[in-house]
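What the coordinates show
The primary structure of each chain is shown beneath.
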Amino acid sequence: MSQKPSVPKGTRDFLPDEMARRNHIFDTIRGVFDLYGYVPVETPAMENLSSLLGKYGDEGDKLLFRILNSGDFMGKLPEDERGSGDSNRLANMICDRGLRYDLTVPFARFVVQHRNELTFPFKRYQIQPVWRADRPQKGRYREFYQCDADVIGSNSLLNEAEHARIIDDVFVRLGIKVIIRLNNRKILAGIAGMIGQHDKLIAMTVAMDKLDKIGLDAVCNEMLEGGIPPEAISKLKPVIGMTGSNSDKLDALSSLFDEKGPGLEGTREMKELLDMLALLEIKNRVDFDLALARGLNYYTGTIFEVKASDVEIGSICGGGRYDDLTGVFGLGGLSGVGISFGADRIYDVMLQSVGFPETVVASTRLMFANFGQKEAEACLPLLEKLRKSGISTELYPDKVKIKKQMQYANNRNIPFVALIGEKEVREKTVTVKNMKTGSQETISQDAITNYLITKMVK
RNA sequence: GUGGAUGUAGCUCAGUAGGUUAGAGCGUCAGAUUGUGGUUCUGAAAGUCGCCGGUUCGAGUCCGGUCUUCCACCCCA
């Protein structure tokens, strides 16, 4: 070992135990998506850079991984560009592709490209990794999985309600307690308009979003620095600091807005959504939260964010409505709503709080010990039989000491070991050892399937 | 991208004002037990002390750079 091998910053290997637990998360989410009528698609890991650039704001562009062109890309450059110190400019000339940053923008591209093959409203889900050249931290990786469900081609708020329901369903199944926060971009725009700061919407929302983290005063300071005048901020203060139930907030808001701006429409949408949610059996807390502003800048209506109640790790699911995402790819008039689960953070949350059910790591139920070629051959028909019955089983491949084989079974958490030695071959029997209790019984080989089925149920 | 901390065996960590052969626990492997694991006992292997360079008679220890991981900011799943 000359140089210690490693993986790139912010990426990880997953060991079998971790995979079993990760798959439990993926399987749960996939199962829920299936249940609500979403169909799966996949898109390539890399996209043309032109599809990605400009969709996530300046910050997002910086975080894109770019892929160096193949071949003699330098030779094709004009002489005077080669030595220029502007790496950004150079990167644009020698990189035509990049790794996807999320699943939504590639999906928008996908919808436009395949519009004639799809039936609208199109409900799809997609579970794939994405890459961001962010600086890694706890719960922040450079490669991580998103699990997205989107509906495109429908304006109905039923979709938003469904997404909230899906979020609740997934987290109830995983056993994670969460708070689902909702807001509406139109309400935020209405507020900005009300204080006469249409053009400062971004600065305002970015600051408001930090409310629970840094407090009201610091939020106001930040807005001041962002160029929002003091008198506008003092008008804003009571709105941001609004407390009470979801409907209290809605009532207070509707009296604030006039008929003209987007605010009232946003408020109506929020009311309609909350009314529908009241008819669904949602177990987790749902908060209409004016301070919620997150989301990529293409969101235009409802926005979602989900945080674990018991673990501090940032959001584990987010989403929202985007009125015209496909417009930039040349297909206007299609509205979409989507949610995205962050599988890696959900994993971290579960590890730190509720844990995983023990059964998720179990694979092999029964292992046959290997006593030599002849005895192993006697096991082969039994393996066939057990597998046909759906019992996960394996034969230890080498004739080594039984102690070692037992150790192997123990380390792998295999609950039963079958022993077929010289004597069992002769008598057509099998000795089955229960690794948990340590007891063992010798039974006829014909009885092995039924024996295991009754033992395993216990 | 900005600022700060970290890095010693597979893992968790010791390592005294720079001084000779760098330690422990857990794990791994072997044996006690030639058809029986998880307990016990005995023994062994395992580290260019993150990497590169500098100061010094001498560096795990001091200095510089670099990489990793972590923390804050930014942003986000």
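Preceding this section is the structure that the text describes.
So, here's what we can say about the structure. (Residues numbered from 1 in each chain as written. Chains lettered and ligands numbered in written order. Predicted model: local features only at pLDDT ≥ 70, side-chain atom pairs only at ≥ 80, totals over all residues. Heavy atoms only, no water.)

**What about the nonpolar core?**
Basically, it comes down to this: For this analysis, a nonpolar core means a set of buried residues of the types Ala, Val, Leu, Ile, Met, Phe, Trp, Tyr and Cys, connected via side-chain atoms within 4.5 Å. Working definition: with a 1.4 Å probe on protein chains only, accessible area under 20% of the residue-type maximum means buried, over 50% means exposed, and in between means partly exposed. Secondary structure elements are taken from DSSP: a helix is a run of H or I of four residues or more, a strand is a run of E of two residues or more, and numbering for both begins at the N terminus. Contact criterion: two residues are considered in contact whenever any of their non-hydrogen atoms come within 4.5 Å of each other.
In this structure, Phe171, Met223, Phe341 and Ile346 are the most contacted members of the largest nonpolar core, which totals 89 residues. Broken down by element, the residue count for this core peaks at seven residues, all from helix α7 (residues 158-174). When neighbours within four sequence positions are excluded, Ile346 is seen to be in contact with Ile25, Ile29, Phe171, Leu174, Ile176, Ile316 and Phe341. Among the nonpolar cores identified, the runner-up in size contains 17 residues, and Phe368, Leu386, Ala418 and Tyr451 belong to it.

**Section: the packing of helix α9 (residues 201-208) against helix α11 (residues 216-225)**
Stated precisely, the cut-off is as follows: For helices, the fitted axis covers only the stretch in contact; all axes are lines through C-alpha atoms, and the angles between them, taken along N-to-C directions, range from 0 to 180 degrees. What sets the label is the angle itself: under 35 degrees gives roughly parallel, over 145 gives roughly antiparallel, 65 to 115 gives roughly perpendicular, and the rest give oblique. Take the far helix as your reference; a near helix turned counterclockwise from it by less than a right angle gives a left-handed crossing, and one turned clockwise gives a right-handed crossing. Gly is put with the polar residues, along with every residue not named as nonpolar or charged; the nonpolar set is Ala, Val, Leu, Ile, Met, Phe, Trp, Tyr, Cys and Pro, and the charged set is Asp, Glu, Lys and Arg.
Relative orientation of the contacting elements α9 and α11 amounts to 160°, with a least axis distance of 9 Å. The angle between α9 and α11 falls in the class roughly antiparallel. When you trace α9 past α11, the crossing you get is right-handed. Each of Met204, Val206, Ala207 and Met208 in α9 lies in contact with α11, whose residues at this interface are Val219, Glu222 and Met223. Residues belonging to the contact of α9 with α11 are distributed by class as follows: six nonpolar, no polar and one charged.

**Points about the pattern of salt bridges**
Just so we agree on the cut-off: By definition here, a salt bridge exists when the distance from a side-chain nitrogen of Lys or Arg to a carboxyl oxygen of Asp or Glu is within 4 Å.
Using the criterion set out here, one finds 21 salt bridges in the structure. For Asp27, the salt bridge is made with Arg30, and the minimal N-O distance between the two is 3.2 Å. Of this pair, Asp27 and Arg30 both sit in helix α1 (residues 16-35), three residues apart, roughly one helical turn. Residue Arg285 is joined to Asp287 by a salt bridge in which the shortest nitrogen-to-oxygen separation is 2.8 Å.

**Topic: the protein's contact with RNA strand B**
Test applied: Proximity criterion: a residue is near a molecule or strand once any of its heavy atoms comes within 4 Å of it. Any pair of nitrogen or oxygen atoms within 3.5 Å is treated as a polar contact; in protein, a donor-acceptor pairing is required on top of that, and neighbouring residues in sequence qualify only through side-chain atoms on both sides.
As a matter of local geometry, RNA strand B sits amid 40 residues, with Arg132, Arg140, Lys210, Arg294 and Ser315 nearest to it. Taken together, the sugar and phosphate atoms account for 46% of what RNA strand B places within 4 Å of the protein. Between Lys9 and RNA strand B, the recorded distance is 3.2 Å, taken from a side-chain N or O atom to a phosphate oxygen. The separation between a base oxygen of RNA strand B and a polar side-chain atom of Arg135 is 2.9 Å. The set of elements that each furnish at least two residues to the surface near RNA strand B consists of β6 (143-152), β10 (317-322), α17 (402-411) and α18 (422-427).

**Focus on the sheet that holds strand β7 (residues 178-184)**
How we decide: Here, strands pair whenever DSSP counts at least two bridges between them.
Across the sheet, which stays open at both edges, the eight strands sit in the order β1-β5-β6-β11-β10-β9-β7-β8 with mixed pairing between neighbours. Strand pairing shows two members of the sheet lacking a second neighbour, β1 (39-40) and β8 (285-288), which therefore form its edges. As defined by bridge partners, strand β9 (residues 302-308) adjoins β10 across four bridges and the pair is classed as antiparallel. For Glu305, the partnering residue across the bridge sits in β10 and is Gly318. Each of β7, β8 and β9 is contacted by helix α14 (residues 263-278), which is oriented at about 150° to β7, the strand it contacts most.

**Let's talk about α11**
Cut-off, in case you're wondering: As used here, the arc belongs to the directions running from the helix axis to the C-beta atoms.
Among the residues making up α11, those that are buried are Val219, Cys220 and Met223. For α11, the buried positions fall inside an angular range of 100° around the axis, keeping them on one side. Opposite its buried face, α11 presents the exposed residues Asp217 and Glu225, each directed more than 90 degrees away. Buried residues along α11 sit against α9, α10 (211-214) and α12 (230-240).

**Topic: unusual backbone geometry**
Here the amide bond leading from Phe120 into Pro121 is cis, since omega sits at -5°, within 30 degrees of zero. Structurally, Pro121 can be placed in the loop between α6 (104-113) and β5 (122-131). Within the chain, Lys428 stands out as a residue other than glycine whose phi angle is a positive 55°. Note that Lys428 resides in the loop between α18 and β15 (429-434).

**Some points on the sheet that holds strand β14 (residues 416-419)**
Ordered in space as β13-β12-β14-β15-β16, the five strands form an open sheet in which the pairing is mixed. Every interior strand has two partners, whereas the edge strands, β13 (393-395) and β16 (440-444), have only one. In this sheet, adjacent strand axes meet at a mean angle of 25° when their direction is disregarded. Summarising the sheet, strand β12 (residues 366-368) and β13 pair through three bridges and their orientation is parallel. Bridging across to β13, Phe368 finds its partner in Leu395. Across the face of the sheet, helix α16 (residues 373-388) comes into contact with β12 and β13 while running at roughly 165° to β13. Contacts from α17 reach β12, β13, β14 and β15, with the element oriented near 155° to β14.

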